[in-house]
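# Residue-level structure breakdown
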Amino acid sequence: MAGLLNRLYPEDIREIQPKETLDSDTPPINRIDMRRPLHWLAQGWQDLRRAPVALIDGLVVALVGLVSVWLTWSQPWLSFSLVTGFLLIAPVLSVGVNELARRLDTGEALGHAAGLDALMRLGWPLWLFAGLLIVLFNVWASYIWLWLGVLNVGSAGVLGSVDQMLLAFLSSAAGIVSLAGLLVAGAVLALAVFSLSLVTLPVLLDRHCSLVDAIAISFKAFRDNPRPLLLWAALITGLFALSALTAFIALVVVFPWLGLAMWHGYRDLVAWDDR
């Protein structure tokens, strides 16, 4: 009995260690400097020149974005949700581009069906990840609807188009405060999604581990490199804002460019033992 108690409750407290922690159950994370995100963009651009087929993904995403805004132009809260919420679901949309980046990295044949092959290979972890991001997007869309419906800045909640809604926001102090509230809430949610999806998709493609492990690695990478990764998030947001201002035309190039750069970020951040 005494031996059993000693195994359960050792006399030396230093012998008591948790079986699994975020640090012990995931690969080490490299520390990077503030210049690395710019280097990822440069590497992503080189990959895009090597694999212009990735532009097809950008074209499809840009067309979907443009058509979605056109169809919802008379429902400003929904259109605003789609434009601002794109960054929440973009990580899972980049599966084809990330697969191309992986194949460039390993020297495999690229092919035109890389994205479909990745979808078939990843299976349920990818669909669960997509479901999680869609749930978060719905939370964001519901928040915008409630914000406009409850506060109803001017007549913003019942306006007929997006341009009228933006004019209502910018034409009064109350509207500007309300717009600022939307942007702050969006930034907080986007940061949460960024931290859980930072390298999740590349990890799934590269290692075929569980979704929980992949998300844990993303959280750990963000925790260990907050400043350079906040810069990376700012670069992504800035390039997407530029794309939105060009009626999503620039997204044809920006989307695959960022997806390819994401792979290089993953390789820099995650230090697998067998590498």
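These numbers were taken from a predicted model, which means no experiment stands behind them.

Right, let's talk about unusual backbone geometry for a bit. The phi torsion at Ala 247 lies on the positive side, around 60 degrees, for a residue other than glycine. In this structure, Ala 247 sits in the loop between α12 (226–245) and α13 (251–269). Given the relative accessible area of 38%, Ala 247 is considered partly exposed. A positive phi is found at Phe 248, a non-glycine position, where the angle reads about 70 degrees. Judged by its relative accessible area of 8%, Phe 248 falls in the buried class.

When pLDDT is averaged along the protein, the result is 80, and 81% of the positions lie at 70 or above. In the model of the protein, helix α1 (residues 2–8) stands out as the element of lowest mean pLDDT, 49, in contrast to helix α2 (residues 36–50), which has the highest, 95. The low-confidence segment residues 153–158 (pLDDT under 50) makes 12 contacts with residues lying over four places distant or belonging to another chain.

Summed over the entire model, instances satisfying the criterion amount to 10 salt bridges. Asp 224 is the partner of Arg 223 in a salt bridge, and the nearest nitrogen-oxygen pair spans 2.9 Å. Owing to a relative accessible area of 41%, Arg 223 belongs among the partly exposed residues under this scheme.

Another aspect to go through is a nonpolar patch on the surface. A cluster of nonpolar side chains, namely Trp 45, Leu 55 and Val 253, defines an oily patch on the protein surface of about 230 Å² accessible area. Within the secondary structure, Val 253 sits in helix α13. By relative accessible area, which is 32% here, Val 253 ends up partly exposed.

By the criterion of burial, helix α10 (residues 200–207) is predominantly enclosed, with 7 of the 8 residues buried. Of all the residues in α10, the buried ones are Thr 200, Leu 201, Pro 202, Val 203, Leu 204, Leu 205 and Asp 206. Trailing α10 by a residue or two, His 208 shows a phi angle of about 55 degrees, which is positive.

Criteria and thresholds
Residues numbered from 1 in each chain as written. Predicted model: local features only at pLDDT ≥ 70, side-chain atom pairs only at ≥ 80, totals over all residues. Heavy atoms only, no water. Helix = DSSP H or I, 4+ residues; strand = E, 2+ residues; numbered from the N terminus. Buried < 20%, exposed > 50% of the residue type's maximum accessible area, 1.4 Å probe, protein only. pLDDT = per-residue confidence, 0-100. Contact = heavy atoms within 4.5 Å. Salt bridge = Lys/Arg side-chain N within 4 Å of Asp/Glu carboxyl O. Patch = residues over 30% accessible without salt bridge, like charges linked within 9 Å, V, L, I, M, F, W, Y side chains within 5 Å. Areas by Shrake-Rupley, 256 points an atom, 1.4 Å probe, with all protein chains shown as cover.

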